[in-house]
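This is what each chain is made of:
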Amino acid sequence: MSAVREFMTTDAQCVKENQSLADAARMMLDLDCGSLPICGDDGKLKGMITDRDIVLKCVAAGRDPREMMARDLATGKPYWIDADANVDAAIEMMERYQVRRLPVIADHKLVGIISQGDIARNYSEDRVGELVEHISERTRMQPSGS
């Protein structure tokens, strides 16, 4: 049984809850990624932010990304997985919540991110196909424009 820590990307960075969405967007550009964890001043996970969140909930809504803070988009309970959990548990969580990335936590701190791509590079082709299919259901089920 493989642990999440064996699959995860370890150089995960988070945007601080008091940083602007413009800062978050620049971080995404520099890191070549489409989402970032949001961490509080206490180092604990507060949520996740995506490039799509910035576009739809800030820019398209007529707000200024230099003035809107990451904490403004950290709503709801963030999904995460323990670094020592079995990778099957991460796959099940991704399927259940239809997310492509999960923050990985150890000792109450962010230690990495496990993504659909991390799993695809290291797991059976059949299981990866199921994961992609379940996550993609969300996209097919959403009405146009959402």
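Further up the page is the structure itself.
The present account deals with the structure reproduced in this document.

Observations concerning the sheet that holds strand 3 (residues 45–50)
- Strand order in the open sheet formed by 3 strands is 1-2-3, with mixed pairing between adjacent strands. At either end of the open sheet lies a strand with only one pairing partner, and these are strand 1 (15–16) and strand 3.
- Bridge count for strand 2 (residues 35–39) against strand 3 is 5 bridges, and the pairing is antiparallel. Pairing of serine 35 across the sheet is with threonine 50, part of strand 3.
- Contacts from helix 1 (residues 21–31) reach strand 1, strand 2 and strand 3, with the element oriented near 130 degrees to strand 2.

Things to note about helix 3 (residues 87–97)
- Taken together, the buried positions of helix 3 are Val87, Ala90, Ile91, Met93, Met94 and Glu95.
- Where helix 3 begins, the capping side chain belongs to asparagine 86, and its oxygen is found 2.6 Å from the backbone nitrogen of aspartate 88.
- Among the residues trailing helix 3, glutamine 98 stands out with phi positive, at a value near 50 degrees.

Some words on the pattern of salt bridges
- For the coordinates displayed, the defined rule picks out 6 salt bridges.
- The partner of aspartate 84 in a salt bridge is arginine 5, with the nearest N and O atoms 2.9 Å apart. Residue aspartate 84 is located in the loop between strand 4 (81–82) and helix 3, and its partner arginine 5 is located in the segment before strand 1; the two are separated by 79 residues in the primary sequence.
- The class of arginine 5 is partly exposed, set by a relative accessible area of 40%.
- With a shortest N-O distance of 3.1 Å, arginine 66 and aspartate 64 are connected by a salt bridge.
- On the basis of relative accessible area, arginine 66 is assigned to the exposed category, the value being 63%.
- By relative accessible area, which is 26% here, aspartate 64 ends up partly exposed.

Conventions and cut-offs
Position numbers for residues count from 1 along each chain, tracking the sequence in the order it is written. Restriction of local features to residues with pLDDT of at least 70 applies here, the model being predicted, together with a cutoff of 80 or more for giving and counting side-chain atom pairs; totals for whole chains, interfaces and linings are based on all residues. By convention in this description, side-chain values take in all heavy atoms of the structure and omit both hydrogens and water. If DSSP finds at least two bridges between two strands, the strands pair. Each helix is a run of DSSP H or I of at least 4 residues and each strand a run of E of at least 2, with the numbering of both proceeding from the N terminus. Should any heavy atoms of two residues lie within 4.5 Å, those residues are considered in contact. The angle between two axes is taken between their N-to-C directions and runs from 0 to 180 degrees, where each axis is a line fitted to C-alpha atoms and a helix contributes only its stretch in contact. Whether a residue is buried, partly exposed or exposed follows from its accessible area with a 1.4 Å probe, protein chains only, as a fraction of its type maximum: under 20%, in between, or over 50%, in that order. Here a polar contact is taken to be a pair of N or O atoms separated by no more than 3.5 Å, where protein atoms must pair a possible hydrogen donor with a possible acceptor and residues adjacent in sequence count only if both atoms sit in side chains. What counts as a salt bridge is simple: a side-chain nitrogen of Lys or Arg found within 4 Å of a carboxyl oxygen of Asp or Glu.

What is shown is where atoms sit, not what they do.
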